[in-house]
Amino acid sequence: MPVNRLTRDQVLAQALDMADLPELDNLDRPAGTILSTARSIPWLQRCLDLLHQEFPWAGTIASTPGTLTTLNTTNFAPADFILDVRDGLLLDLGGATKRTLRRSFQQILSIQTLHDQGGSPATGQPNSYCFLGRNLRLDITPETGGFPYTLWYYQMPAVLAATDVPNFPSDHVLIDYVYMRAREWAARLPMGSAWKYLREVEIPAIRMTGLGQEPEDNIIPLDPIRFRGVSRSPWDWMGSTRPNL
């Protein structure tokens, strides 16, 4: 990533050429060079933001470190966070790394309720987590001192400069979006046409071709919460009907 080659201003120039709108050219590139105030710049940036939010696997995977000390942490995720990599919260146990499991809020709430039934919340090593927006909830309060962690997540695209190559696997998708958005601006197309085109045509096509280089599993793995091998009985491979095991 990326597998495209055009810079921000090259994408915009080709889109404006295709749109062939003299009134927009006078605003965005009166002397042939894209101005810093060009209307088409935020169109392209919003396109990238929307594409990454709709299809984050085509974007950048980043990591951030810290220390887990509380059961629930407000604004835990970084500002450029879109989505966590599944089971991407790793704990440093001092010489060993533990990978926690992403669960639903319903499951985390049930586990926390079980801990609370005996009085004060239990403490220990977290086994699972969930995100509510940018807020983190763990299944158990970390032991005193907490645990160093690394969070792997899908990152929002950076704001583009003129010579930056957008982090997206197809130049023509970006050009076509800005072209159609320019036609919307000139009332030559209905509003929403550009985004509808992306969602219904281009994003499915990119998924089919594999250009997104999706990092998630390409097979359906057994759920580690349900299927835990045969450590306890010969029938463990069949899973558990108890939601909090």
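From a predicted model like this one, the values you see are computed outputs, not experimental measurements.

Analysis parameters
- Residues numbered from 1 in each chain as written.
- Predicted model: local features only at pLDDT ≥ 70, side-chain atom pairs only at ≥ 80, totals over all residues.
- Heavy atoms only, no water.
- Helix = DSSP H or I, 4+ residues; strand = E, 2+ residues; numbered from the N terminus.
- Buried < 20%, exposed > 50% of the residue type's maximum accessible area, 1.4 Å probe, protein only.
- Contact = heavy atoms within 4.5 Å.
- Areas by Shrake-Rupley, 256 points an atom, 1.4 Å probe, with all protein chains shown as cover.
- Pairing = 2+ DSSP bridges.
- Axes fitted to C-alpha atoms, helices over the stretch in contact; angles between N-to-C directions.
- Expected span 1.5 Å × (residues − 1).
- Arc of directions from axis to C-beta.
- Salt bridge = Lys/Arg side-chain N within 4 Å of Asp/Glu carboxyl O.
- Phe/Tyr/Trp six-rings, centres within 6.5 Å; stacked < 30°, edge-to-face > 60°.
- Core = buried A, V, L, I, M, F, W, Y, C linked by side-chain atoms within 4.5 Å.

K.L.:
For the overall build of the protein, give the residues involved together with the corresponding values.
P.N.:
Of the regular secondary structure elements, the protein holds six helices and ten strands. Relative to its 245 residues, the protein shows a buried fraction of 40%. The long-range fraction of contacts in the protein, counting pairs at least 24 apart against all pairs at least 6 apart in sequence, stands at 72%. Taken as a whole, the protein presents about 13400 Å² of accessible surface, with 54% of it coming from carbon and sulfur.

K.L.:
Let's hear about the sheet that holds strand E4 (residues 97-99): which residues, and what values?
P.N.:
Taken together, the four strands give an open sheet; going across it, the order is E1-E10-E3-E4, and neighbouring strands pair in antiparallel fashion. Unpaired on one side and paired on the other, strand E1 (60-68) and E4 mark the two borders of the sheet. Within this sheet the neighbouring strands show an average axis-to-axis angle of 30°, counted without direction. Relative to strand E10 (residues 147-155), E1 runs antiparallel, the two sharing nine bridges. Each residue of the ladder has a partner; that of Leu-68, found in E10, is Phe-147.

K.L.:
If you had to explain helix H1 (residues 8-19) to someone new, which residues and values would you point to?
P.N.:
Compared with an ideal rise of 1.5 Å per residue, which puts twelve residues at 16 Å, H1 spans 17 Å between its outermost C-alpha atoms and is within 8% of the ideal. By the burial criterion, the buried members of H1 are Arg-8, Asp-9, Val-11, Leu-12, Ala-15, Leu-16 and Ala-19. End-on, the buried residues of H1 take up no more than an arc of 155°, which puts them together on one face. Looking at the buried side of H1, the elements it contacts are helix H2 (22-28), helix H3 (40-54) and helix H5 (171-185). Looking one or two places after H1, you find Asp-20, whose phi comes out positive at around 55°.

K.L.:
Please provide a residue-by-residue account of the environment of Leu-12, values included.
P.N.:
Examined against the element boundaries, Leu-12 turns out to sit in helix H1. Its relative accessible area of 0% is what places Leu-12 among the buried residues. Leave out the neighbours within four places in its chain, and Leu-12 touches Ile-34, Ser-40, Ile-41, Leu-44 and Val-178.

K.L.:
Before we move on, can you summarise the sheet that holds strand E5 (residues 101-102) with the specific residues and values?
P.N.:
A sheet is described by the order of its strands in space; here four strands give the open sequence E2-E8-E7-E5, paired in mixed fashion. Each end of this open sheet is capped by a strand with a single partner; those strands are strand E2 (72-73) and E5. Sheet analysis places E5 next to strand E7 (residues 128-132), joined by two bridges and oriented parallel. Directly across from Arg-102, in E7, lies its bridge partner Tyr-129.

K.L.:
Now, about the pattern of salt bridges: what can you tell me, with residues and values included?
P.N.:
Taken as a whole and judged by the stated rule, the model has six salt bridges. Asp-17 is the partner of Arg-29 in a salt bridge, and the nearest nitrogen-oxygen pair spans 2.7 Å. Residue Arg-29 is located in the loop between H2 and H3, and its partner Asp-17 is located in helix H1; the two are separated by twelve residues in the primary sequence. Exposure remark for Arg-29: the relative accessible area of 14% places this residue in the buried category. Here Glu-184 makes a salt bridge to Arg-181, at a shortest N to O gap of 3.9 Å. Taken together, the residues span about one helical turn, with Glu-184 and Arg-181 both in helix H5 at a distance of three residues. Taken together, the salt bridges that share partners define one network made up of Asp-17, Asp-25 and Arg-29.

K.L.:
Tell me about the packing of aromatic side chains, and please be specific about residues and values.
P.N.:
Going through the model one piece at a time under the given rule, you end up with five aromatic pairs. Taking 5.0 Å as the distance between ring centres and 35° as the angle between the ring planes, the aromatic pair formed by Phe-76 and Tyr-149 counts as tilted. Here Tyr-149 lies in strand E10 and Phe-76 lies in the loop between E2 and strand E3 (81-92), a separation of 73 residues in the sequence. Of the two residues, Phe-76 and Tyr-149, neither departs from the other in class, the shared state being buried. Ring centres of Tyr-129 and Phe-131 lie 5.9 Å apart, and the angle between their planes is 80°; on these two criteria the pair is classed as edge-to-face. Taken as a pair, Tyr-129 and Phe-131 share a single burial class, namely buried. One aromatic cluster in this structure is built from Phe-76, Phe-81, Tyr-129, Phe-131, Tyr-149 and Tyr-153.

K.L.:
Give a description of the nonpolar core that names residues and reports values.
P.N.:
Core analysis: the largest hydrophobic core is formed by 32 residues, its most contacted members being Leu-44, Leu-51, Phe-168, Leu-174, Val-178 and Leu-198. Secondary-structure elements contributing two or more residues to this core are H1, H3, H5 and helix H6 (193-209). Broken down by element, the residue count for this core peaks at seven residues, all from H5. Leaving out residues up to four positions away in the same chain, Leu-44 has contacts with Arg-8, Val-11, Leu-12, Leu-160, Leu-174 and Val-178.

That is the geometry; function is a separate question.
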